Amino acid sequence: MPPVLFSFSALELPCPMPLLSLKNLTFTYTKPTLLENITLHIERGERIGLVGRNGAGKSTLMKLIAGVLRPDDGVIELQSEAVVARLEQEVPSGGDRTAFEVAADGFGTLGPAVADYRSLGHAMAAGHVLTAAEQKVYEQASTALANAESWSAADDLEELMLEMQLSPDVKFAALSAGMKRRVLLAAAMIRRPDVLLLDEPTNHLDIESIVWLQGFLKRFEGTLIFVTHDRMFLQELASRIIEVDRGRVFDWTCNYQTFLVRRDALLAAEAIEQAQFDKKLAEEEVWIRQGIKARWTRNEGRVRALKAMREERSQRRQKLGTAKLQLQEAERSGALVARLEDVSHAFGERTVIRNFSTTVFRGDKVGIIGPNGAGKSTLLRILLGDLQPTSGKVRLGTNISVGYFDQLRSQLDDTKTARENVSDGTDHLIINGQKKHVMGFLQDFLFSPDRAHTLAGFLSGGERNRLLLAKMMSKPSNVLVLDEPTNDLDAETLELLEDVLPAFGGTVFLVSHDRAFLNNVATSLIVFEGDGRLGEYDGGYDDWIRVRDQRLEAAQRQTEKPAGKSAAVSVSGGAASGSSAAVVPAAPAAAAPKRRLSFKEQRELEDLPERIAGLEQRQKELNVEMAAPGFFQSGGTRIAAVTTELAKVSDELLHCYERWELLEGGM
């Protein structure tokens, strides 16, 4: 008798039910179908990043999971008693409510009772005697909490808000954007959700708030499903990537960087497969047109196969193209773009910039970072000459042409179509010297004819940002000001922007909280460090963090030095504290080695010869003009202007010579 083979299927082991299952889910607003026959199984404790192009259906998928939308077909199964909470992308105004009252919305219909119970309870504890109306509200709130068996709800929420460094009694409307998002996160977290849905949680947050949120979510023990444009945030948190693309989902159990590699390989394989399919279809189309004798009887199978191929080809959804970004450079600006010397600026008694000096040269890519409200926009206005500082000197370069990208999108007219916003009433644009139709130009930014004729006010956030990029790039410039350009942009467009900006020959001022974007674009950073102090650092975000951490470690070592060690002993390096050994005199100091020039100083040194040549040429022209026979009969205004300019050119030339000598000597 043959032996019985061990079989797993025969044991019929119970399969644990996933926390959340989506089975054959379909949803559509209009054709084509937004989400089609999606099946997903999600377990407890997973950290899932939802990725995909703008408009692919990521937010819609999260609304379906949260129950805000109902699918056209298919089912969503959630384990019994499991709680789903969602942090929306939009931040409410909050009205006149406190942060606690807004966070209490997380309790649903019980929220007002929780807020009333706390506020009136605190009032009584402080000695306030309740009015009859207040007493009635307090009793109603107590009854509601008793019926829900939630007596500790108010204390639990207050404890959570303190853990999140939130003041419960501050007015919600008075909070910064980052703190408002924390309040909304507290509202989502208070019911201890099994599934937490986050839609663009880092939008409009400063870097400090993003890092805090990142750390807070790492400690969250439930299932996390989130959408974000912040690639570093995605890399740090996600252990599984779900891509929404052309109505389908692609499931990748890996981190974001690994996903990028695998996704590119899949797309390459898909392109080869589609090319082979199209070639076969073309061959069959040639065959059917040749009128082969008796094909309807002897080749019916081949005809049916051709019809099936035609149907399959008609159902194929092409991957959305990639935007074509092309910056137009205006005539070169002068080598110097802006120089600030001991600049300070204050609003009333609040100083936002204190004794700051910097020099920006043509070609610099300067990142500006700091907390919301620190003064980044104020610094930009001073650098561009739009605002006079309270004190200090500002010198601007010549031939500057500025292109703006405004995070508030105030340059867009919501009552005009996308086409009208870019065209200014014309049908053609001049792009790098070539005439181009405005519709073709908008197609480069992924606007179909329908979307190009849509009012700007009805475009999505990503479309509005692409439209603003198109408007900025439709005109030549040599200085670009980009204020939070990464919000709502998909990863592909972000990566293209990262390609074109470093290659741009002009100057870029970049305000961003996207750490990866700063790493890939900025050549130097200006950092708001508190109390109006600004620091300058070479490189991008990671370079700044490394220098900052080194300074903190050095300061910590300094404070941890054992007390009592004399300076003399420290210099000689010989005797221990309290030793009777004679102190060895310090050796004569050796000549200090040449310091290596920073990136910015090296750029300055490279630009100085051209700058000096230009000044010398201008000095020569002014001297020739003054030597002309009729110069002193040309009028007092002209004489004064030439004399003043010659003095300025001579002073600047002298300064350049001194600076060149200093930099050549290694400072």
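Refer to the structure above for everything that follows.
Residues numbered from 1 in each chain as written. Predicted model: local features only at pLDDT ≥ 70, side-chain atom pairs only at ≥ 80, totals over all residues. Heavy atoms only, no water.

1. A short note on the sheet that holds strand 4 (residues 73-78)
At step 1: An order of 2-1-4 is seen for the 3 strands of this open sheet, with the pairing classed as antiparallel. Strands at the two margins of the open sheet, each flanked by one partner only, are strand 2 (35-42) and strand 4. With strand direction ignored, the average angle separating the axes of adjacent strands in the sheet is 10°.
At step 2: Examined bridge by bridge, strand 1 (residues 20-27) and strand 4 share 5 bridges and lie antiparallel to one another. Considered in strand 4, the bridge of Ser21 is made with Glu77. (Pairing = 2+ DSSP bridges. Helix = DSSP H or I, 4+ residues; strand = E, 2+ residues; numbered from the N terminus. Axes fitted to C-alpha atoms, helices over the stretch in contact; angles between N-to-C directions.)

2. A closer look at the packing of helix 7 (residues 177-189) against helix 8 (residues 207-218)
Think of two packed helices as two axes; the pair is described by the angle between the axes and how far apart they sit.
At step 1: Close contact between helix 7 and helix 8 brings their axes to 11 Å; oriented N to C, the two are set at 15°. Comparing their axes, helix 8 and helix 7 come out roughly parallel. Classified by chirality, the crossing of helix 8 by helix 7 is right-handed. Mapping the contact onto sequence places Gly178, Arg182, Leu185 and Met189 in helix 7 and Ser209, Trp212, Leu213 and Phe216 in helix 8.
At step 2: Partitioning the contact of helix 7 with helix 8 into residue classes produces 5 nonpolar, 2 polar and 1 charged. (Parallel < 35°, antiparallel > 145°, perpendicular 65-115°, else oblique. Left-handed = near helix turned anticlockwise from the far one by under 90°. Contact = heavy atoms within 4.5 Å. Nonpolar A, V, L, I, M, F, W, Y, C, P; charged D, E, K, R; others polar.)

3. Quick notes on the side chain of Arg240
At step 1: Counting through the fold element by element, Arg240 comes out in strand 8 (residues 240-245).
At step 2: Judged by relative accessible area, Arg240 falls into the buried class, the value being 6%.
At step 3: Side-chain polar atoms of Arg240 contact the side chain of Asp251, separated by 2.5 Å.
At step 4: Ignoring sequence-local partners within four residues, the contact set of Arg240 consists of Leu40, His41, Ile42, Glu46, Arg47, Ile48, Gly49, Asp251, Trp252, Thr253 and Cys254. (Buried < 20%, exposed > 50% of the residue type's maximum accessible area, 1.4 Å probe, protein only. Polar contact = N/O pair within 3.5 Å; in protein donor to acceptor, adjacent residues only side chain to side chain.)

4. Focus on helix 18 (residues 491-503)
At step 1: Given a rise of 1.5 Å per residue, 13 residues ought to cover 18 Å, and the 19 Å separating the end C-alpha atoms of helix 18 matches this to within 8%.
At step 2: All of the buried residues in helix 18 are Glu492, Thr493, Leu494, Leu497, Glu498, Val500 and Leu501. (Expected span 1.5 Å × (residues − 1).)

5. Notes on helix 8
At step 1: The end-to-end C-alpha separation of helix 8 is 17 Å, in line with the 16 Å expected for 12 residues at 1.5 Å each.
At step 2: Of the residues making up helix 8, those classed as buried are Ile207, Ser209, Ile210, Trp212, Leu213, Gln214, Phe216 and Leu217.

6. Observations regarding the environment of Ser150
At step 1: By secondary structure assignment, the location of Ser150 is in the loop between helix 5 (132-147) and helix 6 (153-163).
At step 2: Looking at Ser150, the relative accessible area reads 19%, which means it is buried.
At step 3: In this structure, the C-alpha to C-alpha distance between Ser150 and Val114, residues 36 residues apart in sequence, is 8.8 Å.

7. A closer look at the sheet that holds strand 3 (residues 47-51)
At step 1: Across the sheet, 6 strands lie side by side as 5-6-7-3-8-9; this open sheet has mixed pairing. The open sheet has two free edges, formed respectively by strand 5 (84-87) and strand 9 (248-252), since each of these has just one partner strand. Adjacent strand axes in the sheet meet at a mean angle of 20° when their direction is disregarded.
At step 2: Examined bridge by bridge, strand 6 (residues 195-199) and strand 7 (residues 223-227) share 5 bridges and lie parallel to one another. By the bridge assignment, Leu198 is partnered in strand 7 with Phe226.
At step 3: Its contacts with the sheet place helix 2 (residues 58-66) against strand 3, strand 5, strand 6, strand 7 and strand 8, and it is angled at close to 150° to strand 6.

Function-wise, these values are silent; they only describe arrangement.
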